[in-house]
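Per-entry structural report
These are the residues of each chain, in order.
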Amino acid sequence: MKALQAALSAEHAAVYGYGVVGGKIAEARRDEARTAYDAHRARRDELVRAVRDLGGRPEASAAAYALPFAVKDSATAVRLAAELEERVAGVYSDLVRASSGDRRRTAAEALREAAVRAVRWRGESVAFPGLAERAATPSAPPQT
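Bear in mind the structure is a predicted one, so any value in this text is a computation, not a measurement.

1. A look at the overall build of the chain
Tallying secondary structure elements over the chain gives 4 helices and 0 strands in all. For the chain, the residues scored as buried account for 40% of the 144 residues in total. A fraction of 75% describes how many contacts in the chain between residues 6 or more apart in sequence connect residues 24 or more apart. If you sum the accessible surface of the chain, you get close to 8,200 Å²; carbon and sulfur atoms cover 52% of it.

2. Observations regarding the nonpolar core
Leu4, Ala7, Leu47, Val88, Tyr92, Leu95 and Ala107 are the most contacted members of the largest nonpolar core, which has 20 residues in total. Secondary structure elements with two or more residues in this core: helix H1 (2-24), helix H2 (27-53), helix H3 (74-98) and helix H4 (101-122). Not counting residues up to four positions away in its chain, the partners in contact with valine 88 are Ala10, Glu11, Ala14, His40 and Ala114. Within the second largest apolar cluster, 15 residues are counted, among which are Ala36, Ala77, Val78 and Trp121.

3. Focus on the packing of aromatic side chains
Per the stated rule, a full pass over the model turns up 2 aromatic pairs. With 5.5 Å between their ring centres and 55 degrees between their planes, tyrosine 16 and tyrosine 65 make a pair best called tilted. Highlighted residues: tyrosine 16 in helix H1 and tyrosine 65 in the loop between H2 and H3, separated in sequence by 49 residues. We classify tyrosine 16 as partly exposed; its relative accessible area is 29%.

4. Thoughts on the side chain of histidine 12
Mapped onto the secondary structure, histidine 12 falls in helix H1. At 2.9 Å, the side chain of histidine 12 forms a polar contact with the backbone oxygen of glutamate 59.

5. With respect to the pattern of salt bridges
Inspection of every chain in the model, using the stated rule, returns 13 salt bridges. For the salt bridge of glutamate 32 with arginine 29, the shortest nitrogen-to-oxygen distance reads 2.9 Å. Linking glutamate 32 with arginine 29, this pair stays in helix H2, spanning 3 residues, or about one helical turn. The partner of glutamate 83 in a salt bridge is arginine 87, with the nearest N and O atoms 2.9 Å apart. With glutamate 83 and arginine 87 both in helix H3, this residue pair falls 4 residues apart, about one helical turn.

6. Some words on the environment of leucine 47
When you line up the elements, leucine 47 lands in helix H2. For the pair leucine 47 and serine 9, spaced 38 residues apart in the sequence, the C-alpha separation amounts to 9.5 Å. In contact with leucine 47, other than residues within four places in its own chain, are Leu4, Ala7, Leu8, Glu11 and Tyr92.

7. Re the packing of H1 against H3
In the contact formed by H1 and H3, the axes pass within 9 Å of each other and the chain directions differ by 170 degrees. With respect to H3, the element H1 is oriented roughly antiparallel.

8. Considerations on the side chain of arginine 43
Inspection of the secondary structure puts arginine 43 in helix H2. Filtering out sequence-adjacent residues up to four positions away, arginine 43 remains in contact with Glu11, Tyr92, Thr106, Glu109, Ala110 and Glu113.

What counts, and where the lines are drawn
Residues take numbers from 1 onward in each chain, read along the sequence in its written order. Two thresholds apply to this predicted model, a pLDDT of at least 70 for residue-level local features and 80 or more for giving and counting side-chain atom pairs, whereas whole-chain, interface and lining totals are computed over all residues. Side-chain measures were taken over the full set of non-hydrogen atoms in the model, leaving aside hydrogen atoms and water. By definition, any uninterrupted DSSP run of H or I lasting at least four residues is a helix, any uninterrupted run of E lasting at least two residues is a strand, and each is numbered from the N terminus. The buried label applies to any residue whose accessible area, calculated with a 1.4 Å probe on protein chains only, is under 20% of its type's maximum; exposed applies above 50%, and partly exposed to all values in between. In this description, contact between two residues means that some pair of their heavy atoms is separated by no more than 4.5 Å. All accessible-area figures derive from a Shrake-Rupley calculation using a 1.4 Å probe, and residue coverage is judged against the displayed protein chains alone. By nonpolar core is meant a set of buried Ala, Val, Leu, Ile, Met, Phe, Trp, Tyr and Cys residues that side-chain atoms within 4.5 Å join together. Ring pairs are drawn from Phe, Tyr and Trp, using the six-membered ring of Trp, whenever the two centres fall within 6.5 Å, and their geometry is named by plane angle: stacked under 30 degrees, edge-to-face over 60, tilted for the rest. Whenever two N or O atoms come within 3.5 Å, that pair is a polar contact, provided that in protein one can donate a hydrogen and the other can accept it, and provided that, for residues adjacent in sequence, both atoms are side-chain atoms. Between Lys or Arg on one side and Asp or Glu on the other, a salt bridge is scored when a side-chain nitrogen of the former is within 4 Å of a carboxyl oxygen of the latter. Helix axes are fitted to C-alpha atoms over the stretch in contact, other axes to C-alpha atoms as well, and angles between N-to-C directions run from 0 to 180 degrees. Throughout, the term roughly parallel applies to angles under 35 degrees, roughly antiparallel to angles over 145, roughly perpendicular to angles from 65 to 115, and oblique to all others.

Right, dumping it as structure tokens:
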């Protein structure tokens, strides 16, 4: 149940984050952002049902979420979208490890979808999306 609730929390944050992305993204990528937003809303709703089906109380969405960096323009909106997808992929990776059967298949599908969206946003891929053990591309340049 803990991994399921963590996935739900990540989806809440992604839905919030895509609201920010949508406000700053260039017109050329707005449909892509809207599609991702809708996908995360659908996954969130799926997870709410799954938690309830197990007799749990679904984690509620926060009123706001701290962003990893300021989103000032389309370029930083794209960077945020990639970051959101990588974070969601990591949480689904944990759910894959903690689950079996249909829940595991659904989590693996969600992990794959998030990884594909991250590649589309970032323009490059990683060897093992969703694994904390891999060397991640920094989301922000180091400060000097």
